[in-house]
Amino acid sequence: MRKQLPLKISVSGVRGIVGESLTPQIATRFASAFGTYIGQGQILVGQDSRPSGVMLKKAVLSGLLATGCQPIEVGILPIPTILFLTKEKQAAGAVVITASHNPLDWNGLKFIGPEGLYLKASQVEEFLDIFHQGEFTFVKADRIKPVIQEKKAGELHLQKILNRLKVKTIKNRKFRVVADCANGAGAILLPQFLQELGCEVLFINTEITGSFAHQSEPTPENLKELCRKVKEFKADLGLAQDADADRLALVDEKGRTLGEDLTLTLAVAHVLSKKKGPVAVNLSASMVIEDLARKYQVPVFRTKIGESNVVEKMLETKAVIGGEGNGGVIWPEVHPCRDSFAAAGLVLEFLAESGKTLSELAQGFPKYYMIKDKLSCPSELAFRAVLELRHRYEKETISTLDGLKIIREDSWVHLRPSNTEPIIRLIAESKSAARTRTLIRSFKKELVDIIKKLSL
Ligand code: MG
């Protein structure tokens, strides 16, 4: 028998293996705690395409009803759609049954607060206190509300995006698109979205079965089929969503993956060309963002890793665009969350207005080479090792917001101990592939030496 993996509880929710650490009892307890924490309002309940979603949904509904909340079932929907709808419908919160890109035997719960924002760390703490203490506010029978079913709620989300795009201009280009939904929740809405934009689309992996066609992270190794189909279909571009449809990767008309950073680059460039304003991105996004900000004379705010950190900064600074280098574009005019639909809309509009091909557009930006790597290191040493490195590089321009980032004229290195695994993540970027490789190699070596010394 395999060892039972514990339930993973973090700021972004709870995840576990169905039938082992994640049982209906646990799900009901979490929903009861959330209902108690939120206090009897309307709560959206959505899910991704995993077959275990139904079982967990019933358990979640029980907990919410028992605490006097009114659940609104929205069915299988992309995560950005659920975040958007929570605000749009002025609900008190939402529970989403999803385990993002984890394998099929996993599932989890994500909790969303009012305004359609993920709970902040302090709010999660308060909510988890209720969970651990089991102090739930159950209501009497006469105060149990009926469950509301909402079908097609997702269209509101698409409409909000379409209202902000030059639909006619996009339609005139009659784009040929290959779209890969990774058999995830994006497949629910992407066909309609691209149809409204007049695209001729070849879809792959749109079976909403939860059995992901490939590893659902839209990284180059997972997009080989999409690249091939783009060439076969003679498409203008390929779009790849991840399983919960908050991230988007692009393939150009030649069937080449463009790197997830480029999705953010295109979105930032396009939005800034129309509306000048602050930009917020995390510490690991490409330095091309600073180039763009210089061009439009707007400030860039860098944040800790994690979507909610970027969102918080964007709201604080009234940023007009932002996101993460992993294809997570945040366009606050639609909703402050990573949204692959908003990202796709912006990219198509940029292409349509420029009259260029995607590879031509991509070539229009300064070229940087980024490498993401990691180094095994016992967790108790990882923070000390990075701290030691920080002392050595104190005289340079550094950021210690999240691990250590050393920022030089035309390169940077970001070293970050993982919170969940015994590793240190290393990311570097420079103007040449060889330089980036050298940067990674030398910092890795320096870290290895430090770790060796620390463990003596
Ligand atoms: Mg995702």
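Residues numbered from 1 in each chain as written. Predicted model: local features only at pLDDT ≥ 70, side-chain atom pairs only at ≥ 80, totals over all residues. Heavy atoms only, no water.

### Regarding the overall build of the chain
The line we're drawing: Only runs of H or I of at least four residues qualify as helices and only runs of E of at least two qualify as strands under DSSP, and these elements are numbered from the N terminus. This radius of gyration counts C-alpha atoms alone. The globule rule is 2.2 Å times how many residues there are, raised to the power 0.38. The contact rule is simple, with two residues in contact once any of their heavy atoms fall within 4.5 Å. A 1.4 Å probe and the Shrake-Rupley method give the accessible areas. Residues count as covered only by the protein chains that appear here. Positive charge is attributed to Lys and Arg, negative charge to Asp and Glu, and no charge count is given to His or to the chain ends. Charged groups are reduced to one reference atom each: NZ for lysine, CZ for arginine, CG for aspartic acid, CD for glutamic acid.
In terms of regular secondary structure, the chain is built from 15 helices and 20 strands. At 22 Å, the chain has a C-alpha radius of gyration in line with the 23 Å of a compact globule built from 456 residues. Across its three principal directions, the C-alpha atoms of the chain cover 70 × 65 × 45 Å. Put simply, 68% of the contacts in the chain that link residues at least 6 apart link residues at least 24 apart. Accessible surface computed for the chain: about 19900 Å², of which carbon and sulfur atoms make up 51%. Distance between charge centroids for the chain: 2 Å, based on 63 positive and 52 negative side chains.

### Remarks on the side chain of Gln 47
Applicable threshold: Note on exposure labels: buried denotes an accessible area under 20% of the residue type's maximum, exposed denotes more than 50%, and partly exposed covers the range between, all computed with a 1.4 Å probe on protein chains only. Residues adjacent in sequence count toward polar contacts only when both atoms are side-chain atoms; beyond that, a polar contact is any pair of N or O atoms within 3.5 Å, and within protein one must be able to donate a hydrogen and the other to accept it.
One can find Gln 47 in strand E3 (residues 42-47). With a relative accessible area of 5%, Gln 47 lands in the buried category. A distance of 3.4 Å separates polar atoms of two side chains, one belonging to Gln 47 and the other to Lys 57. Residues in contact with Gln 47, not counting those within four places in the same chain, are Gly 53, Val 54, Lys 57, Gly 75, Ile 76, Leu 77, Ile 82, Val 96 and Ile 97.

### Let's talk about the environment of Asp 48
You can see Asp 48 is positioned in the loop between E3 and helix H2 (53-66). Residue class for Asp 48 comes out buried when judged on its relative accessible area of 4%. Through-space distance from the C-alpha of Asp 48 to that of Glu 380 is 36 Å; in sequence the pair is 332 residues apart. Residues in contact with Asp 48, not counting those within four places in the same chain, are Ile 76, Ile 97, Thr 98, Ala 99 and Ser 100. Here Thr 98 takes part through its side chain, which lies 2.8 Å from a polar atom of the side chain of Asp 48.

### Concerning the coordination of the magnesium ion
Test applied: Donor atoms are limited to N, O and S found within 2.8 Å of the metal ion, a distance that becomes 3.2 Å for Na, K and Ca. With water left out, some sites might look partial.
The protein atoms donating to the magnesium ion are Asp 242 (OD), Asp 244 (OD) and Asp 246 (OD), with metal-donor distances spanning 2.1 to 2.2 Å. Sequence spacing of the donors to the magnesium ion: D-x1-D-x1-D. Residue class for Asp 242 comes out buried when judged on its relative accessible area of 5%.

### Some details on helix H5 (residues 154-162)
Using the following cut-off: The directions considered for the arc are those from the helix axis to the C-beta atoms.
Within H5 the residues assigned to the buried category are Gly 154, His 157, Leu 158, Ile 161 and Leu 162. The buried residues of H5 occupy an angular sector of 130° when the element is viewed end-on, so they sit on one face. Looking at the buried positions of H5, the neighbouring elements they touch are helix H3 (79-88), helix H6 (167-173), helix H7 (190-196) and helix H12 (340-354).

### Brief notes about the sheet that holds strand E15 (residues 328-330)
Test applied: For two strands to count as paired, DSSP must find a minimum of two bridges between them. Axes here refer to lines fitted to C-alpha atoms; in helices the fit is confined to the stretch in contact. Angles between the N-to-C directions go from 0 to 180 degrees.
Spatially, the four strands line up as an open sheet ordered E13-E12-E14-E15, and their pairing is mixed. The outermost strands of the open sheet, each flanked by one partner alone, are strand E13 (300-303) and E15. Strand-to-strand twist across the sheet, computed as the mean angle between neighbouring axes with direction ignored, equals 20°. Pairing of strand E12 (residues 279-282) with E13, which is carried by four bridges, proceeds in the parallel orientation. Paired with Val 279 across the bridge in E13 is Val 300. In this fold helix H9 (residues 261-274) packs onto E12, strand E14 (321-324) and E15, with an angle of close to 175° to the strand it touches most, E14.

### Observations concerning the domain arrangement of the chain
Rules: Those domain boundaries reflect an automatic or database domain assignment. By buried area we mean how much accessible surface two parts lose on assembly, using a 1.4 Å probe and totalling the loss over both. For this document, the term salt bridge refers to a Lys or Arg side-chain nitrogen within 4 Å of an Asp or Glu carboxyl oxygen.
Along its sequence, the chain is organised into domain 1 (8-151), domain 2 (156-363) and domain 3 (369-455). Here the C-alpha centre of domain 2 lies 28 Å away from the C-alpha centre of domain 1. At the interface, 25 residues of domain 1 touch 31 residues of domain 2. For the pair domain 1 and domain 2, the summed buried area comes to about 2100 Å², and 70% of that belongs to carbon and sulfur atoms. Linking domain 1 with domain 2 are zero salt bridges. Linking domain 1 to domain 2 there are five residue pairs in polar contact (both at pLDDT 80 or more). Considering every element that reaches the side of domain 1 that touches domain 2, the biggest residue donor is H3, with eight residues.

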